[in-house]
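Fold and contact review
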There are 2 protein chains.
Amino acid sequence: MARPKRQEERRSQLVAAAQRAIAAHGPDGARLNRVAEEAGLTSSAVLYYYPDIDELMFEANRAGMERFYEARVRMLEQLPDDPVARLLALAKSGLPSGPGDTEVRLLCELGGSAGRNPLMASLLTTLYDRQVGMYQVVLEQGAARGIFALAQPSLVIARNLVALEDAYGYRIIAGHPTIDHDGAYELIVASARLATGHDLTPSASS
Amino acid sequence: MARPKRQEERRSQLVAAAQRAIAAHGPDGARLNRVAEEAGLTSSAVLYYYPDIDELMFEANRAGMERFYEARVRMLEQLPDDPVARLLALAKSGLPSGPGDTEVRLLCELGGSAGRNPLMASLLTTLYDRQVGMYQVVLEQGAARGIFALAQPSLVIARNLVALEDAYGYRIIAGHPTIDHDGAYELIVASARLATGHDLTPSASS
DNA sequence: GAATTCTTTTCATCACGATTCAATAAATCG
DNA sequence: CGATTTATTGAATCGTGATGAAAAGAATTC
């Protein structure tokens, strides 16, 4: 009797468009027009789905973080039950592939705005703690099996490893001439070696 | 025969005002009006000194980084010639005092924009490398005197320590509930302990 | 105090982005 | 097809910020 609603589909398209716009122009430079252009619509159409533009922007950021985290969780689940392999995979998956990695670009943009946006600050803090939790599980698992000889509490090691990921993410996004994805990975692994007392060579897992 | 020029003084006042505005509203939210208000002037007066507003903003950012770095260098110089004390002081001075630390807030804001601003990216990369250099000097000094037993090349250790500083700066600015200045300091020192093979207790320097 | 140069404000203008609303297009069902 | 609901557009409006020009204000020298 009428045209069916398919708003959810459009809404997620708009969220994706907003994410691209933010990655391209920053959280404040992502004007309504840019989002609309990115989505192939007019600004009015965007407003039709998100009468409050801030709501769309927040959702774009929130969803971006969620997606980043969820992807890592899924990756971890698909891996064999090997602490060494898992630790290395975590380190690799936490780094941007290069300066053009839009997913991490988004996260970096948010980091700066956390200082003046309590909501963003809270989301980022949560994301950080969740990632720390992931590392902790792997570390504890390895320790329980006698594979890792943790030199520090797992919380300390995990916090430092996630911190390294974050920081090198910024360096890679900024295009550091000698710290690219692989270089940062090696640096993080080097730190993990000391903390776990393990070689962390892919094959020497047991 | 006429009123003397004292533009340099005003210009540096404006740079400081711009820094405060950026720390308060972000790199893109720092409108000309905000800067003027922060400086106690009108927007036109600001334009009188900086016809190109982007030039002021860039200078504010550049000067902010420079100042941050120079302050650390001076602090190091004033310290006794003790690698342990210097390393600890470095770690402490690289972290924001709290979420309200405007100097580090500024740096965090820039980190995000580096992805779309090559000039900022270049400045931040330089700042990072310079800080790494500072750490390297201290590490090598300690190693040469037999105080530190470096578990890795000094470049690797230094890069990781500066990275930790950066990342915890973001966490502190974001107001992480359990990672404040002191907490982050302990985490960084914990990592430095493993890398230097030294207790890093303030008194056990020799 | 008058002349001169530097500084600042006021005001007008311009461009751009957000927002609204009426009009139009599209999809579905009977 | 035509009624009905959903989706999208385009023009109009509004506010904000950047910018420029002219006028007013301030500091110095003679």
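Below: a short report on this structure. (Residues numbered from 1 in each chain as written. Chains lettered and ligands numbered in written order. Predicted model: local features only at pLDDT ≥ 70, side-chain atom pairs only at ≥ 80, totals over all residues. Heavy atoms only, no water.)

Take chain B, turn it by 180 degrees, move it 0.0 Å along the axis, and it overlays chain A with an RMSD of 0.0 Å. A rotation of that kind, with that shift, is consistent with a two-fold axis. A share of 100% of interface residues in chain B that are also interface residues in chain A marks the association as one of identical surfaces. (Least-squares fit on C-alpha atoms with pLDDT ≥ 70 in both. Contact = heavy atoms within 4.5 Å.)

It is worth spelling out the nonpolar core at this point. If you look at the biggest cluster of nonpolar residues, it comprises 101 residues, and the most contacted ones within it are Leu 87 and Tyr 168 of chain A together with Leu 87 and Tyr 168 of chain B. Leave out the neighbours within four places in its chain, and Leu 87 of chain A touches Tyr 135, Val 138, Leu 139, Phe 148, Leu 161, Ala 192, Thr 196 and Leu 200 of chain A. (Core = buried A, V, L, I, M, F, W, Y, C linked by side-chain atoms within 4.5 Å. Buried < 20%, exposed > 50% of the residue type's maximum accessible area, 1.4 Å probe, protein only.)

A few words on a positive patch on the surface. A surface patch of positive charge is lined by Arg 31 and Arg 34 of chain A together with Arg 31 and Arg 34 of chain B. Within the element layout of this structure, Arg 34 of chain B appears in helix α2 (residues 32-39). (Patch = residues over 30% accessible without salt bridge, like charges linked within 9 Å, V, L, I, M, F, W, Y side chains within 5 Å. Areas by Shrake-Rupley, 256 points an atom, 1.4 Å probe, with all protein chains shown as cover. Salt bridge = Lys/Arg side-chain N within 4 Å of Asp/Glu carboxyl O. Lys, Arg positive; Asp, Glu negative; His and termini not counted. Charge placed at Lys NZ, Arg CZ, Asp CG, Glu CD. Helix = DSSP H or I, 4+ residues; strand = E, 2+ residues; numbered from the N terminus.)

All names here are of chain A. Where helix α1 (residues 7-29) meets helix α6 (residues 102-113), the axes come as close as 9 Å, and the angle between the chain directions of the two elements is 50 degrees. Taken together, the axes of α1 and α6 lie oblique to each other. Here the hand of the crossing between α1 and α6 comes out left-handed. Contact residues: Gln 19, Ile 22, Ala 23, Ala 24, Gly 26 and Pro 27 in α1; Thr 102, Arg 105, Leu 106 and Glu 109 in α6. Within the contact of α1 with α6, the residues separate by chemical class into 5 nonpolar, 3 polar and 2 charged. (Axes fitted to C-alpha atoms, helices over the stretch in contact; angles between N-to-C directions. Parallel < 35°, antiparallel > 145°, perpendicular 65-115°, else oblique. Left-handed = near helix turned anticlockwise from the far one by under 90°. Nonpolar A, V, L, I, M, F, W, Y, C, P; charged D, E, K, R; others polar.)

Before going further, it helps to examine the packing of helix α5 (residues 83-93) of chain A against helix α9 (residues 181-196) of chain A. Helix-helix packing: each pair is described by the crossing angle between the helix axes and the interaxial distance. All names here are of chain A. Axis separation between α5 and α9 bottoms out at 9 Å; the angle between their running directions is 140 degrees. If you check the angle between α5 and α9, you find them oblique. Considering how the two elements wind past one another, α5 and α9 form a crossing that is right-handed. Contacts between α5 and α9 involve Leu 87, Leu 88, Ala 91 and Lys 92 from the former and His 181, Tyr 185, Ile 188, Val 189, Ala 192 and Thr 196 from the latter.

Counting residues at the interface gives 44 residues for chain B and 44 residues for chain A. Between chain B and chain A, roughly 3,400 Å² of surface is buried when both sides are summed, and carbon and sulfur atoms account for 57% of that area. Per-residue buried area on chain B facing chain A is highest for Arg 116, Arg 171 and Leu 194 of chain B; these three make up 16% of the total on that side. Counting the contacts that link chain B with chain A gives 2 salt bridges. Its salt-bridge partner being Glu 109 of chain A, residue Arg 116 of chain B comes within 2.6 Å of it at the nearest N-O pair. For the interface between chain B and chain A, the tally reads 16 residue pairs in polar contact (both at pLDDT 80 or more). (Buried area = accessible area lost by both parts, 1.4 Å probe. Polar contact = N/O pair within 3.5 Å; in protein donor to acceptor, adjacent residues only side chain to side chain.)

Structurally, His 198 of chain B is set in the segment after α9 (181-196). Assessed through its relative accessible area of 11%, His 198 of chain B is described here as buried.

One non-glycine residue, Leu 200 of chain A, lies in the positive phi region at around 60 degrees. Relative to the assigned elements, Leu 200 of chain A resides in the segment after α9.

For the rest of this paragraph, the subject is the environment of Glu 140 of chain B. Mapped onto the elements of the fold, Glu 140 of chain B is located in helix α7 (residues 118-144). Separated by 22 residues in sequence, Glu 140 of chain B and Pro 118 of chain B place their C-alpha atoms 32 Å apart.

Owing to its 3.6 residues per turn, the α-helix brings residues three or four apart onto one side. Residue and element names in this part refer to chain B. With 20 residues, helix α8 (residues 154-173) should cover 28 Å at 1.5 Å per step; its first-to-last C-alpha distance of 28 Å lies within 8% of that length. Burial within α8 is extensive, with 18 of its 20 residues counted as buried. A positive backbone phi angle near 75 degrees is found at Gly 175, which sits one or two residues after α8. (Expected span 1.5 Å × (residues − 1).)

Between the first and last C-alpha of helix α4 (residues 53-78) of chain A there are 37 Å, a value that for 26 residues agrees with the 38 Å anticipated at 1.5 Å per step. When α4 of chain A is considered as a whole, its buried residues turn out to be Leu 56, Met 57, Ala 60, Asn 61, Ala 63, Gly 64, Met 65, Phe 68, Tyr 69, Arg 72 and Leu 76 of chain A.

All names here are of chain B. You can see Arg 86 is positioned in helix α5 (residues 83-93). In terms of polar contacts, Arg 86 uses its side chain to reach the backbone carbonyl oxygen of Pro 80, at 3.4 Å. Leaving out residues up to four positions away in the same chain, Arg 86 has contacts with Leu 76, Leu 79, Pro 80, Asp 81, Val 138 and Gln 141.

This next bit is on the packing of aromatic side chains. A complete count under the given rule lists 3 aromatic pairs over all chains for this structure. Ring plane angle 85 degrees and centroid distance 5.0 Å describe the contact between Tyr 48 of chain A and Tyr 49 of chain A, whose orientation is recorded as edge-to-face. Under the relative-accessibility criterion, Tyr 48 of chain A is labelled exposed at 58%. Note on Tyr 170 of chain A and Tyr 170 of chain B: the rings are 4.3 Å apart at their centroids and 15 degrees apart in plane angle, and the pair reads as stacked. Taken together, the positions of Tyr 170 of chain A in helix α8 (residues 154-173) and Tyr 170 of chain B in helix α8 put the pair across two chains. On the accessibility criterion, Tyr 170 of chain A (10% relative accessible area) is buried. (Phe/Tyr/Trp six-rings, centres within 6.5 Å; stacked < 30°, edge-to-face > 60°.)

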